Amino acid sequence: MSVLAKASASRSVRAVVTGIAMVGVSALLLTGCSGTAEPSGDKAPAASGDAKTVKAGDRDLTLKIGTILPQSGALAFLGPPEEAGVQLAVNDINAANLGMKVEAVFRDSGDTTTDTATVSVTDLLSQDVSAIVGAASSGVSKTVIDQIVAAGVVQFSPANTSPDFTEYADKGLYWRTAPSDLLQGEVLGNQIAEDGNSTLGMIVLNDAYGTGLAKSLKDTFESAGGEVVAEELFNEGDSNFAAQISAVTAANPDAIALITFDQAKIIIPALVGTGYPGDKLYLVDGNLADYSKDFPAGLIAGSKGTLPGLDVGTLGDFTDRLLEVDPTLKDFSYAAESYDSVMLIALAAYAGNDVSGASIADYLRQVSGGEGDGEKVSDFKAAAKALADGKQVNYDGFSGPVTFDKNGDPTEATIGVYEYKADNTYKRIN
């Protein structure tokens, strides 16, 4: 990634992948958020004016979508909001009654310590799903992406952030609504530096997600004049982090970044127990969670973290409807991205009048506005009516503008900065 302009990390950051540098008060523009190499050709863009024709037909379509989202494992806290987002989208599409019936089949992804995802994918493929939403974990997606692609089924993740997927040989079948961690690492690195920290320690999950995010964070922090004085790795399934904590605290860093999943529930109390200040910790999307029932009051008050996406908590109607689907929700991370994943899959099937994985993949970029101008739409009913009239559409959802690039990555993204309160819940500050 070639970073041409940086915005203040004290604000939420909207990134636009364009190849032209330009900076605004809260904008960061990159020359390709996912690297500078040319793609393999799996998702080559249509030439100007070559947008696919919206197909005519009665659109009496039945679309079956599977999910592999974490009902268990180290990211289990993300499962409920993601599944609620999927179900809400299914409800909205079916309520529109415009010639498409969607069925969702929910399965567990587990984490990389088990073969749960492989078992779930095998089951879903046997049920002839057209698309699979998930996994949340980049590491888990790596274990099943080849199986899904070989079956000619679309894989659409609402939360994968590893840069490795950008140019993966996926035959054009892999898509995501979450931005590459090259951006999240940049926002967090700048935030840590702007908070006045000169040295940084890191405790990092040793997988595609953790190491990719750590590299981006380290590069940014050191470009801002800081120094990473300790970087300790651990593996999925580890339950004792004493060695990593000892090594990082021995370096006496001004701040410590934790790039983990729910291992943070063990690491944070142990780290603060050594005397390290709880307000000098920095978290990421994999562990930014409600810890009000896990930690003593005030344990991490003042600590900060980053999370891709709009602040769903401010989208009152959307969060209210998510709570109708699942009244137990406490976290809303990636709920909007999950909702939009289903909407985009359905709109692509509707535009092509075909629920096959290949046809959905052919139209996904187009319905996101990635192949030229289209009528701006933000709900299934308006979009489906426009498509039925033979119009092109440009869907923008609750996660914000999506607009896929030729690699199936979103070209725009917002990274929010959050701060923990005394009750160990968090609020968005930028």
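The sections below set out a description of the structure shown in this document.

Rules behind the numbers
- Residues numbered from 1 in each chain as written.
- Predicted model: local features only at pLDDT ≥ 70, side-chain atom pairs only at ≥ 80, totals over all residues.
- Heavy atoms only, no water.
- 1 Å grid on protein atoms, 1.4 Å probe; cavity = no way out; pocket = protein on both sides within 12 Å on 5 of 7 lines; lining within 4 Å.
- Points joined across faces, edges and corners; volume = space filled by probe spheres on them.
- Helix = DSSP H or I, 4+ residues; strand = E, 2+ residues; numbered from the N terminus.
- Nonpolar A, V, L, I, M, F, W, Y, C, P; charged D, E, K, R; others polar.
- Buried < 20%, exposed > 50% of the residue type's maximum accessible area, 1.4 Å probe, protein only.
- Pairing = 2+ DSSP bridges.
- Right-handed = clockwise from strand over helix to strand, strands pointing away.
- Contact = heavy atoms within 4.5 Å.
- Phe/Tyr/Trp six-rings, centres within 6.5 Å; stacked < 30°, edge-to-face > 60°.

### A word on empty space enclosed by the protein
Then comes step 1: Counted by the stated rule, this structure contains six cavities of 30 Å³ or more.
Then comes step 2: Roughly 110 Å³ of volume is contained in the largest cavity.
Then comes step 3: Lining the largest cavity are 16 residues, and of these Thr177, Ser399, Glu412, Ala413 and Thr414 sit closest to its centre.
Then comes step 4: Put simply, the parts of the chain that give the lining of the largest cavity at least two residues each are β16 (400–401) and β17 (412–420).
Then comes step 5: The biggest single contributor to the lining of the largest cavity is β17, with three residues.
Then comes step 6: The residue makeup of the lining of the largest cavity, split by class, is eight nonpolar, five polar and three charged.
Then comes step 7: Within this model, the second largest cavity holds a volume of roughly 60 Å³.
Then comes step 8: Forming the walls of the second largest cavity are Leu75, Leu78, Ala136, Ser137, Ser138, Ala159, Thr161, Tyr209, Phe261, Asp285, Gly286 and Tyr334.
Then comes step 9: When grouped by side-chain class, the residues that make up the lining of the second largest cavity number seven nonpolar, four polar and one charged.

### Topic: the pairing of strand β4 (residues 61–69)
Then comes step 1: The buried count for β4 comes to seven of nine residues, which makes it a mostly enclosed element.
Then comes step 2: As judged from the nine bridges shared by β4 and strand β5 (residues 100–108), these two strands associate in the parallel manner. Looking at β5, one finds that threonine 67 is bridged to phenylalanine 106.
Then comes step 3: Chirality of the crossover, the property in question, places the unit of β4, helix α1 (residues 79–96) and β5 among those that are right-handed.
Then comes step 4: As paired elements, β4 and strand β6 (residues 131–134) share four bridges and run parallel to each other. Pairing of glycine 66 across the sheet is with isoleucine 132, part of β6.

### Quick look at the environment of threonine 112
Then comes step 1: Here threonine 112 shows up in the loop between β5 and α2 (116–126).
Then comes step 2: Put simply, threonine 112 and serine 141 are 29 residues apart on the chain and 9.3 Å apart in space, counted from C-alpha to C-alpha.
Then comes step 3: Apart from residues lying up to four places away in sequence, threonine 112 is in contact with Gly139, Val140 and Glu236.

### A closer look at the packing of aromatic side chains
Then comes step 1: Tallied over the entire structure, the rule returns 14 aromatic pairs.
Then comes step 2: Measuring from centroid to centroid gives 5.8 Å for phenylalanine 156 and phenylalanine 404, while their planes differ by 65°, and the two rings are edge-to-face. Here phenylalanine 404 lies in the loop between β16 and β17 and phenylalanine 156 lies in strand β7 (residues 154–157), a separation of 248 residues in the sequence.
Then comes step 3: Counting every residue linked through ring pairs, the aromatic cluster contains Tyr291, Phe295, Tyr418, Tyr420 and Tyr426.

### A word on the sheet that holds strand β14 (residues 375–377)
Then comes step 1: An order of β14-β15-β16 is seen for the three strands of this open sheet, with the pairing classed as mixed. Looking at strand neighbours, the two that pair on one side only are β14 and β16, the edges of this open sheet.
Then comes step 2: The pairing of strand β15 (residues 393–397) with β16 spans two bridges and is classified as antiparallel. Each residue of the ladder has a partner; that of glycine 397, found in β16, is glycine 400.

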